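Given next are the chains, with one letter for each unit.
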Amino acid sequence: MSVLKNQKVTKNINIIGAGASGMYTCFKLLQLNKLNAGERQFKLNINIWDKLPVPFGLVRNGVAPDHPEIKNCIDTFKEIFMDKSLYQDNNVKFVGNYNFTKMEEYEELIAKSDLLYLANGCEKSRDYQLENSSNLNTLKAKDLVNWYNNYPESKNISQIWKSEEFWSKIKNINIVGNGNVAFDICRLLTMCKYDKETINKSDINSDFVDVINKAPLKKINIIGRRDFESARFGTKEFRELWGLNQYGVTGYINPKYYDHDMNIKKPSRALAKKIQLTKKHSTDVNNDKMKWELKFLQSPFKIDDEVKKLYSKENIMDVNNPSKAISTDKIIESDNDLVILSIGTENPHLKDYEQLIAKNPGKVKSVGWLRNKGFGTIANTMLDTFDLVERDYRNLDMSSNQHGNELQDFDFLKINDKRLVSWSDYEKIEQYEQHIKRGKKCDNLEEIMSVL
Ligand SMILES: Cc1cc2nc3c(=O)[nH]c(=O)nc-3n(C[C@H](O)[C@H](O)[C@H](O)COP(=O)(O)OP(=O)(O)OC[C@H]3O[C@@H](n4cnc5c(N)ncnc54)[C@H](O)[C@@H]3O)c2cc1C
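Going by what an unreviewed UniProt entry lists, the chain is known as NADPH:adrenodoxin oxidoreductase, mitochondrial and is assigned to Hanseniaspora guilliermondii. Taken from UniProt, the Cofactor (unreviewed entry) comment for the chain reads in full: "FAD".

Below, the structure written as structure tokens:
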């Protein structure tokens, strides 16, 4: 239906996922609508849904607790709900505690929306084949991150690997995967051992700090399948790892990985910096402190029966494909008490989402980690999302949506008995965390809901 002159055209927009990409999507839409206020007049009805009762996704639950500066983007996200000059007379709602699991729910949203953004990230740890691996000798990085970051979970599940007894036997850890998450884990485990007081000032889980502090950790290997020059870790995260030497903790990288003629014309600035840092700090000394080591060109494939060794195949880089590693028959052994798999995450429903997008061109979009298959920093996520949303906004037509976008307008909510969480509810949760939990985030779903 077209509208009379000066009357605002109503557009219904739903965003599934209130992490960085969902929030930046909403922020950009509001910003564009404000900037274009004199031209085409839209009233945006936006719902940002999340399965958790708390927003911000990995910014809250992934980013390391001692990196508050990275979480500053939350201030921008809050403007969506708190800055009248941004949201103006648009209608924006946070709808927490609703998990979209059925195709019918997505289809109803699509039918009633002008735009549906899938911003639900990549939450499942990728599978990795490791012989003899069990939940007593292998942890997923995501589980460990969720623990130290107080990811809200039901507390009815007891997890043996979070106990002091489990960690009392852990001296040698092998982290498989050498991205920034592996570095965060290595750094935080080390800080819990040597600087409990400082790390506990952050919103890190205090039980995690206490348990790790008592563990007899000696060595952490971080193992990557490709060569030094192909590794994806960031320079900042690398520098922070070397910074552990302030506690007497040494890091080592065998010179064969970096001190050779690299098969590239000119190293990038980032690579040159990484080599420079390594040459400056790498040392293979034995003292009574913990050590960490980066190992390259290895693919772990088996834990021995006694869980004392991790076996890896040595790799070489494929001459025809410089980003691919190929395993050889040469076996390398590492001392081992625990393996942590840090090989990234994926969305198990990606194929279904791709079908929804293909069936609804121009209307259903993916953003953020779902779009980029689990890669990208918050800054990349923001730039990518802004770019996409700008194009979508420009393409909005001048017909008004006749469907409602209020909660009572959705049939799937009529059979839902879960308590939905609004932005003002979230503010109560935040207050509770600040005052009652003394700045620590609440990891207990039942406790969170009891605040409301
Ligand atoms: C451990 C870790 C540390 C990181 N550290 C940094 C860092 O230091 N600096 C940096 O720049 N980047 C960092 N990143 C990357 C950064 O977190 C991502 O770039 C960014 O958070 C991606 O945002 P997203 O919105 O796409 O996904 P997410 O943040 O994962 O948001 C997805 C949201 O969707 C919700 N959701 C999922 N499924 C459903 C469903 N079915 N129904 C409803 N809601 C659903 C989830 O609850 C979540 O809130 C880190 C990532 C990880 C994993």
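(A) Looking closely at the overall build of the chain. A count of helical and extended segments in the chain gives 18 helices and 16 strands. Relative to its length of 452 residues, the chain is compact, with a C-alpha radius of gyration of 24 Å against a globular reference of 22 Å. Taken along its principal axes, the extent of the C-alpha atoms in the chain is 80 × 55 × 35 Å. Pairs at least 24 apart in sequence give 78% of the contacts found in the chain among residues at least 6 apart. Accessible surface, the chain as shown: approximately 21,800 Å² in total, 49% of it carbon and sulfur. Positive and negative charge centroids in the chain, built from 68 and 63 side chains respectively, lie 3 Å apart.

(B) The arrangement of the sheet that holds strand β6 (residues 138–140) in detail. Here 6 strands make up an open sheet; going across it, the order is β6-β14-β7-β8-β10-β9 and the pairing parallel. Sheet topology places β6 and β9 (250–253) at the edges, where each strand pairs with a single neighbour. Taking the axes of each pair of neighbouring strands and ignoring which way they run, one obtains an average angle of 20 degrees across the sheet. Inspection of the sheet shows strand β8 (residues 219–223) paired to strand β10 (residues 291–295) by 5 bridges, in the parallel sense. When the bridges of β10 are listed, Asn221 appears paired with Glu293. Strand contacts of helix α8 (residues 180–194): β7 (172–176), β8, β10 and β14 (338–341), with the helix running at about 175 degrees to β8, the strand carrying the most contacts.

(C) The site of the ligand, seen in detail. By nearness alone, 29 residues border the ligand, and Ser21, Asp50, Leu58, Trp369 and Gly376 come closest of all. Contact between the ligand and Ile378: an oxygen atom at 2.9 Å from a main-chain N or O atom of the residue. In the model, an oxygen atom of the ligand is placed 3.2 Å from a nitrogen or oxygen of the Thr381 side chain. A total of 1,000 Å² of accessible area belongs to the ligand in isolation, and the protein chains cover 91% of it.

(D) Expanded view of the sheet that holds strand β2 (residues 42–49). The strand order across the open sheet built from 5 strands is β3-β2-β1-β4-β16, with neighbouring strands paired in parallel fashion. With partners counted over all chains shown, the strands left at the sheet margins are β3 (91–95) and β16 (364–366), one partner each. For this sheet, the mean angle separating the axes of adjacent strands, direction not counted, is 15 degrees. Judged from the 3 bridges that link them, strand β4 (residues 115–118) and β16 form a sheet pairing that is parallel. Residue Leu118 lies in a different strand from β16, and its bridge partner there is Ser366. Packing against the sheet, helix α1 (residues 20–35) makes contact with β1 (9–16), β2, β3 and β4, and its axis sits at approximately 170 degrees to β2.

(E) Main features of the layout of surface pockets. For the second largest pocket, the calculated volume is near 470 Å³. At the level of elements, α2 (57–61), α3 (73–82) and α17 (423–435) are the ones that each hand at least two residues to the lining of the second largest pocket. For the lining of the second largest pocket, the leading source of residues is α17, giving 4 residues. For the lining of the second largest pocket, the per-class residue count stands at 6 nonpolar, 4 polar and 9 charged. Domain assignment of the residues forming the lining of the second largest pocket places at least three in each of domain 1 (9–123 + 347–421) and domain 2 (124–345).

(F) Spatial organisation of the environment of Ile48. As for its position among the elements, Ile48 is in strand β2. Between the alpha carbons of Ile48 and Ala18 there is a distance of 6.0 Å; along the sequence they are 30 residues apart. Dropping the residues within four chain positions of it, Ile48 is found in contact with Ile15, Gly17, Ala18, Met23, Cys26, Phe81, Lys93, Phe94 and Val95.

(G) Quick peek at the side chain of Ser21. Among the structural elements, Ser21 can be located in helix α1. Leave out the neighbours within four places in its chain, and Ser21 touches Ala119, Val367, Gly368, Thr381 and Thr385.

(H) Region of interest: unusual backbone geometry. Of note, Lys373 is a non-glycine position whose phi angle comes to about 55 degrees, a positive value. Considering the arrangement of structural elements, one finds Lys373 in the loop between α14 (368–371) and α15 (378–394). Assessed through its relative accessible area of 42%, Lys373 is described here as partly exposed. One non-glycine residue with positive phi stands out, namely Arg438, at about 50 degrees. Examined against the element boundaries, Arg438 turns out to sit in the loop between α17 and α18 (445–450).

(I) Local environment of the pattern of salt bridges. With the rule as written, the count across this model stands at 33 salt bridges. Residues Arg187 and Asp184 are paired through a salt bridge, measuring 3.2 Å at the closest nitrogen-oxygen approach. Here Asp184 and Arg187 lie together in helix α8, a separation of 3 residues that amounts to about one turn. Among the residues examined, Arg187 registers a relative accessible area of 4% and is labelled buried. A network of salt bridges, in which partner residues are shared, links Asp66, Asp184, Arg187, Lys236 and Glu240.

(J) Representation of the domain arrangement of the chain. Examined at the domain level, the chain breaks down into domain 1 (9–123 + 347–421) and domain 2 (124–345). Distance from the C-alpha centre of domain 1 to the C-alpha centre of domain 2: 34 Å. Between domain 1 and domain 2, the contact holds 21 residues from the first and 22 residues from the second. For the pairing of domain 1 and domain 2, the buried interface totals around 1,600 Å² over both sides, and the portion due to carbon and sulfur atoms is 50%. The largest share of the area that domain 1 buries against domain 2 comes from Asn61, Pro65 and Glu123, three residues that together contribute 35% of it. The tally of links from domain 1 across to domain 2 stands at 1 salt bridge. Residue Asp66 is joined to Arg187 by a salt bridge in which the shortest nitrogen-to-oxygen separation is 2.4 Å. Partitioning the side of domain 1 that touches domain 2 into residue classes produces 10 nonpolar, 4 polar and 7 charged.

Cut-off values and rules
Residues numbered from 1 in each chain as written. Predicted model: local features only at pLDDT ≥ 70, side-chain atom pairs only at ≥ 80, totals over all residues. Heavy atoms only, no water. UniProt positions renumbered as here; feature names shortened; annotations may be inferred. Helix = DSSP H or I, 4+ residues; strand = E, 2+ residues; numbered from the N terminus. Rg over C-alpha atoms; globule rule 2.2 N^0.38 Å. Contact = heavy atoms within 4.5 Å. Areas by Shrake-Rupley, 256 points an atom, 1.4 Å probe, with all protein chains shown as cover. Lys, Arg positive; Asp, Glu negative; His and termini not counted. Charge placed at Lys NZ, Arg CZ, Asp CG, Glu CD. Pairing = 2+ DSSP bridges. Axes fitted to C-alpha atoms, helices over the stretch in contact; angles between N-to-C directions. Near = heavy atom within 4 Å. Polar contact = N/O pair within 3.5 Å; in protein donor to acceptor, adjacent residues only side chain to side chain. 1 Å grid on protein atoms, 1.4 Å probe; cavity = no way out; pocket = protein on both sides within 12 Å on 5 of 7 lines; lining within 4 Å. Points joined across faces, edges and corners; volume = space filled by probe spheres on them. Nonpolar A, V, L, I, M, F, W, Y, C, P; charged D, E, K, R; others polar. Domains from an automatic or database assignment. Buried < 20%, exposed > 50% of the residue type's maximum accessible area, 1.4 Å probe, protein only. Salt bridge = Lys/Arg side-chain N within 4 Å of Asp/Glu carboxyl O. Buried area = accessible area lost by both parts, 1.4 Å probe.

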